[in-house]
Amino acid sequence: MAAKTTLNAKNLEALGAQRLAELLIEISTGSAAHKRRLRMELAGNHSSTEVAREVRKRLSSIARAKTFIDWRKVKATKTDLDTQRRTIVETVAAGDPSEAFELIWQFLALADSIFQRSDDGSGALIESFHQACADVGILAKLASVDTEVLAEKVFKAVQDNGYGQYDRLITLTIPTLGNIGLERLKTLLILWSKEPKEKPAKNDRRVVEWSSQGPIYEDEAYGNHHELAALIALQEIADAQGDVDAYIAQQPEKTRKVPMVAADIANRLVAAGRAEEALKALETVETGGLTNGTNVPFEWQLALTETLEALERSEEAQAFRWQCFEQSLDGRHLRTYLRQLPDFDDIEAEEKAIAYAQTFPDVHRALVFFLHWPNPAGAAKLVGRRRVELDGDRYELMTPAAEVLAEKHPLGATTVLRAMIDFTLDNARSSRYKHAARHLVECSSLARRIDDYGSAGSHDAYVAGLKHRHGKKHGFWSLVG
């Protein structure tokens with residue numbers, strides 16, 4: 001009996017066409033999405049032209065819509081968009097690739113109207129448009145679209161990329177564009193970048209980086225918006241053509257001293273076998289100290305170590321990795337450092353690093369290190385030895401720390417929970433009382449697994465101390481209940 005009621009194609013076929021049709025009508029009643037899908041299937045029984053007409057009608061309807069798309073409607077909207085996109089690629093393209101090519105551009109043109117009336121913090125909607133960008137190249141090839149025509153369409157899209165819907169378009173269409181299309185696109189972008197510039201209002205100027213001379217403004221470094229968009233596009237083309245010098249040429253002189261930009265340039269030079277030039281590019285960076293692990297981004301540090309390795313200066317690279325770890329406790333540096341060591345030497349070096357982290361001046365950064373390494377035992381030891389330094393206001397760190405420690409280190413978890421409770425009550429943060437009350441209940445539960453509190457004081461003693469200091473905070477105690 002169970003096998004006959006299982007939902008699968010074979011069992012449904014046994015119902016017969018008439019009964020299935022009745023069920024589909026019943027199921028689709030009240031569901032616009034299901035009705036659209038059924039109409040699409042019916043159109044497909046006639047020709048791809050009919051399907052294309054249905055898709056075009058639906059895309060026009062979406063473009064005209066004014067209803068706000070809040071987070072509750074995002075899933076349904078994405079489903080609708082993906083249905084239209086797949087129909088274009090899988091059904092229309094099979095019968096009329098040229099029509100499908102035009103439809104995918106109509107689909108992409110929906111982006112502005114969608115994002116102007118939506119709230120999509122998840123990024124789900126933008127994924128549909130990025131996938132459509134990948135479809136452009138495939139459909140252009142199927143439709144035998146002239147590469148210069150494709151280049152001009154891509155160029156127009158890049159000009160109007162306000163929501164990032166076309167961010168990957170150039171990269172995804174490179175195989176179809178070929179050298180002729182890329183050269184045409186490059187010419188259009190260069191001409192666009194040289195058009196007269198409009199200087200932004202003083203309040204609209206955006207700082208992109210700081211140098212020893214002060215702030216570097218986006219308009220000073222890149223000119224106006226279309227110049228920046230053209231620069232990014234030209235860099236994509238340079239990468240596609242493997243032209244490192246063309247990529248570097250797109251970066252204004254000022255921005256080459258920005259650590260992230262210098263790292264990008266160095267990485268490309270190393271890949272091209274030009275490590276000496278890569279090192280010079282990194283050395284142009286303006287900072288308070290080139291090897292200060294807290295001031296220079298990780299990406300720059302990584303680029304330097306890889307450049308030194310390429311130059312066969314491995315000892316210097318290792319020394320720099322350790323220095324960066326000592327300054328920042330960034331476990332990524334330590335992992336790479338340990339991988340370069342011979343067997344057994346890495347064990348000794350890791351023990352040295354763990355001991356160093358225990359004494360690191362910033363206890364919270366040290367706690368982050370132990371949690372991410374991961375080394376719960378080290379985290380428990382840290383909070384036990386340095387509990388007076390813990391800032392209970394750092395709940396975004398303390399909460400996950402307590403969760404990690406609770407399994408095998410109940411005293412460490414209790415110490416972290418107490419830090420949050422103490423901060424909340426000492427500062428009378430009434431909005432957090434419910435959380436503090438929950439933490440105290442958790443401490444009570446953990447107490448059953450703690451045999452020796454050491455100098456931390458038992459749970460009963462801690463509660464008695466809270467009542468002595470904060471007995472009049474009835475809002476809190478009523479929640480402890």
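Worth saying up front: this structure is predicted, and the values here are computed from it rather than measured.

Q: Explanation requested: the nonpolar core in the structure shown.
A: Ile88, Phe101, Trp105, Phe129, Leu185 and Leu189 are the most contacted members of the largest nonpolar core, which has 54 residues in total. Among the elements of the structure, helix H5 (48–64), helix H6 (71–95), helix H7 (97–108), helix H8 (111–116), helix H9 (124–142), helix H10 (147–159), helix H11 (169–193) and helix H13 (225–240) are those that each provide at least two residues to this core. Residue contacts for Leu189: discarding those within four places in its chain leaves Phe155, Val158, Ala230, Ala233, Leu234 and Ile237. Ranked by size, the runner-up nonpolar core spans 46 residues in total, among them Val383, Met398, Leu440 and Leu466.

Q: Sorry, what's going on with the packing of helix H25 (residues 433–447) against helix H26 (residues 459–470) here?
A: How two helices sit against one another is set out by the angle between their axes and by the gap between those axes. Between H25 and H26, whose axes approach to 10 Å, the crossing angle comes to 155°. Of the possible angle classes, the one that applies to H25 and H26 is roughly antiparallel. Judged by residue contacts, Leu440, Cys443, Ser444 and Ala447 of H25 engage His459, Tyr462, Val463 and Leu466 from H26. Partitioning the contact of H25 with H26 into residue classes produces six nonpolar, two polar and no charged.

Q: Could you clarify how one ought to interpret H11 in this entry?
A: Residue pairs spaced three or four apart in an α-helix point in one direction, given the helix's 3.6 residues per turn. A rise of 1.5 Å per residue sets the reference length of H11, with its 25 residues, at 36 Å; its end C-alpha atoms lie only 19 Å apart and thus fall more than 12% short of the reference. The largest bend in H11 comes to about 110°, at Gly178.

Q: Mind showing me how you'd approach the pattern of salt bridges here?
A: A side chain with one charge can pair with a side chain of the opposite charge if their charged atoms come near. Summed over the entire model, instances satisfying the criterion amount to 22 salt bridges. Where Lys186 meets Glu183, a salt bridge forms, and the shortest distance between an N and an O atom there is 3.5 Å. Linking Lys186 with Glu183, this pair stays in helix H11, spanning three residues, or about one helical turn. Taking relative accessible area as the criterion, Lys186 reaches 21% and is therefore assigned partly exposed. Among the residues examined, Glu183 registers a relative accessible area of 39% and is labelled partly exposed. Note that Arg394 is salt-bridged to Glu396, the shortest N-O span being 3.2 Å. For Arg394, a relative accessible area of 29% translates into the label partly exposed. Taken together, the shared-partner salt bridges in this structure form one network comprising Asp245, Arg274 and Glu277.

Q: I keep staring at the packing of aromatic side chains and nothing clicks. Help me out?
A: Geometrically, a pair of aromatic rings is defined through the distance of the ring centres and the angle of the planes. Under the criterion given, the structure shown has 15 aromatic pairs. Measuring from ring centre to ring centre gives 5.9 Å for Phe155 and Trp192, while their planes differ by 90°; the resulting arrangement is edge-to-face. Of this pair, Phe155 sits in helix H10 while Trp192 sits in helix H11; the two residues are 37 residues apart in sequence, bridging distant segments of the chain. Judged by its relative accessible area of 12%, Phe155 falls in the buried class.

Q: Please clarify how the environment of Gln241 should be interpreted in this entry.
A: When you line up the elements, Gln241 lands in the loop between H13 and helix H14 (244–249). For Gln241, a relative accessible area of 28% puts it in the partly exposed group. Along the chain, Gln241 and Ile174 lie 67 residues apart, while their C-alpha atoms are 9.4 Å from each other. Every residue in contact with Gln241, bar those within four places of it in the chain, is listed here: Asn179, Leu182, Glu183 and Lys186.

Q: Help me understand the side chain of His364, please; the structure alone is not making it clear to me.
A: Residue position: His364 is located in helix H21 (residues 363–372). According to the relative accessible area criterion, His364 is buried, its value standing at 9%. Setting aside residues up to four positions removed in sequence, His364 forms contacts with Glu389, Leu390, Asp391, Arg394, Leu397 and Met398.

Rules used in this analysis
- Residues numbered from 1 in each chain as written.
- Predicted model: local features only at pLDDT ≥ 70, side-chain atom pairs only at ≥ 80, totals over all residues.
- Heavy atoms only, no water.
- Core = buried A, V, L, I, M, F, W, Y, C linked by side-chain atoms within 4.5 Å.
- Buried < 20%, exposed > 50% of the residue type's maximum accessible area, 1.4 Å probe, protein only.
- Helix = DSSP H or I, 4+ residues; strand = E, 2+ residues; numbered from the N terminus.
- Contact = heavy atoms within 4.5 Å.
- Axes fitted to C-alpha atoms, helices over the stretch in contact; angles between N-to-C directions.
- Parallel < 35°, antiparallel > 145°, perpendicular 65-115°, else oblique.
- Nonpolar A, V, L, I, M, F, W, Y, C, P; charged D, E, K, R; others polar.
- Expected span 1.5 Å × (residues − 1).
- Bend = angle between axes of the 7 residues up to and from the residue.
- Salt bridge = Lys/Arg side-chain N within 4 Å of Asp/Glu carboxyl O.
- Phe/Tyr/Trp six-rings, centres within 6.5 Å; stacked < 30°, edge-to-face > 60°.

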